[in-house]
Amino acid sequence: MGGVTRVFVAQLARLGVFGPDGESIGRVRDVVVGLRLDRQPPKALGIVVELATRRRIFVPMLRVTSIEPTGVTLATGSVNLRAFHQRPNEVLVLGQMLDARVTVGDSDVVVMDAAMEPTRTRDWVIARVAVRERTGRLSRRGPVQVLRWDEISGLGIAELTETRQDARALLVVYDRLRATDVAAALRDLPAKRRYEVADAMDDERLADVIEELPEEDQKDLLSHLDDERAADILEAMDPDDAADLLAELSEVDKDRLLELMEPEESEPVRRLLEYSKDTAGGLMTPEPIVLAPDATIAEALARVRNPDITPALASLVFVCRPPSATPTGRYLGCVHIQRLLREPPSDLVAGVVDTQLASLRPNATLTEVTRFFAAYNLVCGPVVDDEDHLLGAITGDDLLDHLLPEGWRESGLREAGGERLDA
């Protein structure tokens, strides 16, 4: 097997995976190892590869011909598309081994990384472990040491599946990923580890990740959190996503969490809950970009540059009479971002308002919303009531969430036949 002779798994994460002719297959997400009862280094069984569809598959190490800093090359571009499922005797190096508390002699240390090395039989083993001494509950001290596997104790199946771990080293790896990729990674983890990671995330990051999870996983994580933190997470979520999640809970749980939320955060969520989720009112976000007619083009451009606003929501600026919070004053029209880019910054948005674009009523059905987006080639559209108040905006991604088949986040590609191959 060509390439480097020692690979730290945290650096391997996110590397591209390619076929023999350079065709892209996916990206490395983790390494699967089989732990042993003796003190010998565990064998790396294979890598978890995420395809472009976000589906995760298992590729045996014997299919890997080289590992380079630029990527992993396989012996063949043909892979088994069966979704990866972890077996009882297997451990995910990134997902479960990082942050484990182990002992070296009389010292308590925490695992920061693990290194794979090839053997003369073409196998790869976890021969080295990078650790750092941990002297306090909330602090780590001392330099990182790279030790042989047989120099440490406490990395057995029981320790990794029963003992509570920190999650800070794993969060460093996840910090490089988009929220949707972190959500996919969490779904691959055992429940214990998933909860540990959720507990360690800050509220904003966890809210972003929960928004990308399937419905059942959302409810599972929310039920794991104590009520106060669950309410904080709901406040940090987009109101439409929070409303969708709350709508799936029992009336008792929904009312309890709404009462714990700050009134200014719960009020738009309560309004969204009044609409069926398959109507324009249920699909919309109540926080579009709204400006008064005397705002300048420069002010509008400054608003759409906000990195916290999605590209779809930034594609339209809505012009309304005060108040600017939804439901607004009288809706006057919208300005497309392309138009903003072509006009002098000192001009007023009132002079470039598109008054011809139709709007949706909150009770419009999913079919009507879909036709509206298709007819006007939009990625964002206004929802206006009978009194011409802007209630919110629907974005293309919210529409797709409801158009795609149920369970689309879990499925990725169609299930392929055949069992997982280990050679």
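Fair warning: this is a prediction, and the values are worked out from it, not measured in the lab.

Teacher, can you tell me more about the pattern of salt bridges here?
Oppositely charged side chains are able to pair whenever their charged atoms sit close together. Applying the stated rule across the entire model yields 26 salt bridges. Here lysine 277 and glutamate 248 are joined by a salt bridge, their closest N and O atoms 3.1 Å apart. Of the two residues, lysine 277 is situated in the loop between helix 12 (263-273) and helix 13 (280-283) and glutamate 248 in the loop between helix 10 (239-247) and helix 11 (251-260); the sequence distance between them amounts to 29 residues. Among the residues examined, lysine 277 registers a relative accessible area of 42% and is labelled partly exposed. Owing to a relative accessible area of 25%, glutamate 248 belongs among the partly exposed residues under this scheme.

I keep staring at the environment of leucine 37 and nothing clicks. Help me out?
You can see leucine 37 is positioned in the loop between strand 4 (24-34) and strand 5 (43-50). Note on leucine 37: relative accessible area 93%, which makes it exposed. Sequence separation between leucine 37 and isoleucine 157 is 120 residues, and the spatial gap between their C-alpha atoms is 9.4 Å.

Would you take a moment to explain the sheet that holds strand 16 (residues 331-336) for this structure?
The strands making up a sheet are joined through hydrogen bonds of the backbone, oriented either antiparallel or parallel. On the basis of which strands lie adjacent, the open sheet formed by three strands has the order 14-15-16 and mixed pairing. The strands lining the two open edges of the sheet, one partner per strand, are strand 14 (290-291) and strand 16.

Can you walk me through helix 6 (residues 191-200) in this structure?
Residues that lie three or four places apart on an α-helix share one face, since the helix turns once every 3.6 residues. Taken together, the buried positions of helix 6 are occupied by Arg193, Arg194, Glu196, Val197 and Ala198. Lining the buried residues of helix 6 we find helix 2 (93-97), helix 4 (168-174), helix 5 (179-188), helix 7 (203-211), helix 8 (215-224) and helix 9 (227-236).

Would you mind going over the state of the cysteines with me for this structure?
What makes a disulfide is a covalent bond joining the sulfur atoms belonging to two cysteines. Under the counting rule described, the total for this entry stands at zero disulfides. The thiol sulfur of cysteine 320 is not disulfide-bonded, and the nearest other cysteine sulfur, from cysteine 334, lies at 9.9 Å. For cysteine 320, a relative accessible area of 2% gives the class buried. Lacking any disulfide linkage, cysteine 334 is separated from the closest cysteine sulfur, that of cysteine 380, by 8.7 Å.

Help me understand the nonpolar core in this model?
Nonpolar side chains tend toward joint burial in soluble globular proteins. Core analysis: the largest hydrophobic core is formed by 130 residues, its most contacted members being Ile47, Met116 and Tyr174. Look past the residues within four positions of tyrosine 174 in its chain and what remains in contact with it is Val182, Ala185, Leu186, Leu189, Val197, Met201 and Arg205.

Explain a nonpolar patch on the surface here, please?
Together, Leu400, Leu403 and Leu404 make up a nonpolar patch on the protein surface, roughly 250 Å² of accessible area in all. As for its placement among the helices and strands, leucine 403 is situated in helix 17 (residues 396-403).

Which parts of the structure should I look at to understand the packing of aromatic side chains?
Describing an aromatic ring pair means giving the distance of the ring centres and the angle of the ring planes. If you walk through the whole model with that rule in mind, you get four aromatic pairs. Between phenylalanine 318 and tyrosine 331, the ring centres sit 6.4 Å apart and the planes meet at 50°, which makes this aromatic pair tilted. Of this pair, phenylalanine 318 sits in strand 15 (residues 316-320) while tyrosine 331 sits in strand 16, placing them 13 residues apart in sequence. Put simply, the rings of Phe372, Phe373 and Tyr376 touch in pairs and so form one group of aromatic residues.

Please clarify how the packing of helix 11 against helix 12 should be interpreted in this entry.
Geometry of a packed helix pair, given as the angle between the helix axes and the separation of the axes. One way to put it is that helix 11 packs onto helix 12 with a least axis distance of 9 Å and a crossing angle of 150°. With respect to each other, helix 11 and helix 12 are oriented roughly antiparallel. Every pair of crossing elements has a handedness; the one defined by helix 11 and helix 12 is left-handed. Here Lys254, Leu258 and Glu259 of helix 11 come into contact with helix 12, specifically with Ser266, Val269, Arg270 and Leu273. Of the residues that constitute the contact of helix 11 with helix 12, the class distribution is three nonpolar, one polar and three charged.

Just to check I follow, could you spell out the environment of valine 79 for this structure?
In this fold, valine 79 is placed in the loop between strand 8 (71-74) and strand 9 (90-92). For the pair valine 79 and glycine 19, spaced 60 residues apart in the sequence, the C-alpha separation amounts to 9.5 Å. When residues no more than four places from it in sequence are discounted, the contact partners of valine 79 are Ile57, Val59 and Leu74.

Reading the values: the criteria
- Residues numbered from 1 in each chain as written.
- Predicted model: local features only at pLDDT ≥ 70, side-chain atom pairs only at ≥ 80, totals over all residues.
- Heavy atoms only, no water.
- Salt bridge = Lys/Arg side-chain N within 4 Å of Asp/Glu carboxyl O.
- Helix = DSSP H or I, 4+ residues; strand = E, 2+ residues; numbered from the N terminus.
- Buried < 20%, exposed > 50% of the residue type's maximum accessible area, 1.4 Å probe, protein only.
- Pairing = 2+ DSSP bridges.
- Contact = heavy atoms within 4.5 Å.
- Disulfide = S-S within 2.5 Å.
- Core = buried A, V, L, I, M, F, W, Y, C linked by side-chain atoms within 4.5 Å.
- Patch = residues over 30% accessible without salt bridge, like charges linked within 9 Å, V, L, I, M, F, W, Y side chains within 5 Å.
- Areas by Shrake-Rupley, 256 points an atom, 1.4 Å probe, with all protein chains shown as cover.
- Phe/Tyr/Trp six-rings, centres within 6.5 Å; stacked < 30°, edge-to-face > 60°.
- Axes fitted to C-alpha atoms, helices over the stretch in contact; angles between N-to-C directions.
- Parallel < 35°, antiparallel > 145°, perpendicular 65-115°, else oblique.
- Left-handed = near helix turned anticlockwise from the far one by under 90°.
- Nonpolar A, V, L, I, M, F, W, Y, C, P; charged D, E, K, R; others polar.

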